[in-house]
Amino acid sequence: MKILLVLFITFTTLANECILNGFNFSSIHSEIEDYSFSQGNGTFTYVNPCGRLLYNYTFNSTIPSPDYSVLTISVDDKIDLMGLTSSEYLKDKKDYVEFKYNSYVNCSATETYETKVKVYCSKDVNDSIFYVKYDDNDCEFEVKMYHSLVCKYIESKQTSSTSPHPHPDDHDDDDDDDDDDDDVDFPIVGIIFLLILFSGICLYLVIGVIINILVFKKKGIAVIPNYVFWLSLPVLIKDGCTFIFCCKKPSPEPFYEEAPDQDFADMQF
């Protein structure tokens, strides 16, 4: 039984990372003494976030419970376990950090007791609890305390918020510019021209075939409009390529010979 208890405590401690927005709050857990507060009527509240309480209390006069971070002890030594360590949940509340717990003890038919430990920043006051309130109507136990670690957390948030970050609109503008460049480079005009050209040729052939069949009563290959031209087109293309690539081009040298030097008087006609 003791081995299982030790394993349970170890598992609970390891599972509770106590990290909020990348900031580690594990050092808020006191290894010397729990944070305590006296309400004046003989009731004491003990809190120790990011881990279990150090206070050696007993529950139902049996073994100490290892899984509670918040408890109250009334004047008649009645123990109310208000917050399970395993239910701990951290929330950023801008001006403070909230450690939220659940006791899983029924407050009503549909609700259980919840505890909110609100930790504020204070560099001048020692780390301690300064406010405790229990609202039976809302089934909520509220604790307020100061801790210097929250000051470091708030400073880290301010530092990260002031660091330069690329504006999302800038990326959008860059993407738009890239799209515009793609539109400029893309040969859309040439594609439109080719589509119109081939569509016109197909339309010309289809209409010509229909007219030759229905109007001129032609048959066979003669139904193709200007079929003589289409049959000779491959030969014409071949002749054009032969002329362009195979014919001898004019020589850049002059085709005339330079006349010999002699006096005009010596020339005979």
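The structure displayed is predicted, hence computed values, not measured ones.

A. Region of the structure containing the sheet that holds strand E11 (residues 140-146). Here five strands make up an open sheet; going across it, the order is E7-E8-E9-E11-E10 and the pairing mixed. Looking at the sheet topology across the chains shown, the edges are occupied by strand E7 (89-92) and strand E10 (128-135). Averaged over neighbouring strand pairs, the angle between their axes works out to 20° when direction is ignored. Two strands pair when backbone bridges link them, and E7 and strand E8 (residues 96-106) are joined in this way by four bridges, in the antiparallel orientation. Looking at the pairing, Leu-90 lines up with Phe-99 of E8.

B. Structural context of the packing of aromatic side chains. Applying the stated criterion across every chain, the model contains 10 aromatic pairs. Consider the rings of Tyr-96 and Tyr-120, whose centres lie 4.8 Å apart with planes at 40°: the pair is tilted. Here the residue Tyr-96 occupies a position in strand E8, and Tyr-120 occupies one in strand E9 (residues 112-120), the gap between them amounting to 24 residues. The buried category is assigned to Tyr-96, whose relative accessible area is 16%. By way of ring pairs, the aromatic residues Phe-23, Phe-25, Phe-99 and Tyr-153 are connected into one cluster. A cation sits over an aromatic face here: Lys-144 above Tyr-131, 4.9 Å from the ring centre.

C. View of the state of the cysteines. Taken as a whole and judged by the stated rule, the model has three disulfides. Across the disulfide, Cys-18 is cross-linked to Cys-50 (sulfur-sulfur distance 1.6 Å). Linking Cys-18 and Cys-50, the disulfide has an S-S dihedral of approximately -40° and is accordingly described as left-handed. Of this pair, Cys-18 sits in the loop between helix H1 (2-15) and strand E1 (19-20) while Cys-50 sits in the loop between strand E4 (44-47) and strand E5 (68-73); the two residues are 32 residues apart in sequence, bridging distant segments of the chain. Owing to a relative accessible area of 4%, Cys-18 belongs among the buried residues under this scheme. Using a relative accessible area of 10% as the deciding quantity, one classes Cys-50 as buried. Each disulfide pairs two cysteine sulfurs, and for Cys-107 the partner residue is Cys-139, the sulfurs being separated by 1.8 Å. A torsion of -75° about the S-S bond marks the disulfide between Cys-107 and Cys-139 as left-handed.

D. Looking closely at the pattern of salt bridges. Within this structure, the stated rule accounts for five salt bridges. Asp-92 is paired through a salt bridge with Lys-157; the nearest N and O atoms lie 3.1 Å apart. One end of the pair, Asp-92, is in strand E7; the other, Lys-157, is in helix H2 (residues 148-162), and 65 residues separate them in sequence. When the shortest N-O distance is used, the salt bridge between Glu-114 and Lys-100 registers 3.8 Å. Of this pair, Glu-114 sits in strand E9 while Lys-100 sits in strand E8; the two residues are 14 residues apart in sequence, bridging distant segments of the chain. Residue Lys-100 is classed as partly exposed on the basis of its relative accessible area, which comes to 25%.

E. Molecular detail of a nonpolar patch on the surface. A contiguous nonpolar patch, built from Leu-203, Val-206, Ile-207, Ile-210, Ile-211, Ile-213, Leu-214, Val-215 and Phe-216 and spanning about 850 Å² of accessible area, is present on the exposed surface. Relative to the helices and strands, Leu-214 resides in helix H4 (residues 188-214). By relative accessible area, Leu-214 is classed as exposed at 57%.

What counts and how
Numbering of residues starts from 1 in each chain and follows the order in which that chain's sequence is written. For this predicted model, a pLDDT threshold of at least 70 governs which residues receive local features, and a threshold of 80 or more governs which side-chain atom pairs are given and counted, while totals over whole chains, interfaces and linings are taken from all residues. With hydrogens and water set aside, each side-chain value is computed from the structure's full complement of heavy atoms. Here a strand pair is declared whenever DSSP counts at least two bridges between the two strands. For helices the rule is a DSSP run of H or I covering at least 4 residues; for strands it is a run of E covering at least 2, with both sets numbered from the N terminus onward. Every axis corresponds to a line fitted to the C-alpha atoms, with the helix fit spanning only the stretch in contact, and the corresponding angles, defined between N-to-C directions, vary from 0 to 180 degrees. The rule is short: rings of Phe, Tyr and Trp, with Trp giving its six-membered ring, pair when the centres are within 6.5 Å, and they are stacked under 30 degrees, edge-to-face over 60, tilted in between. Summary of the burial criterion: residues with accessible area below 20% of their type's maximum are buried, those above 50% are exposed, and those between are partly exposed, where the area comes from a 1.4 Å probe applied to protein chains only. Only Lys NZ and Arg CZ are tested; either one counts as a charge over a ring when it is within 6 Å of the ring centre and within 35 degrees of the ring normal. The term disulfide is used for any two cysteine sulfur atoms that are within 2.5 Å. Each salt bridge in this description consists of a side-chain nitrogen of Lys or Arg and a carboxyl oxygen of Asp or Glu lying within 4 Å of one another. A patch consists of residues whose relative accessible area exceeds 30% and which take part in no salt bridge; residues with like charges are grouped when within 9 Å of each other, and nonpolar side chains (Val, Leu, Ile, Met, Phe, Trp, Tyr) when within 5 Å. The accessible surface values rely on the Shrake-Rupley method and a 1.4 Å probe; as for residues, cover is taken only from the protein chains in view.

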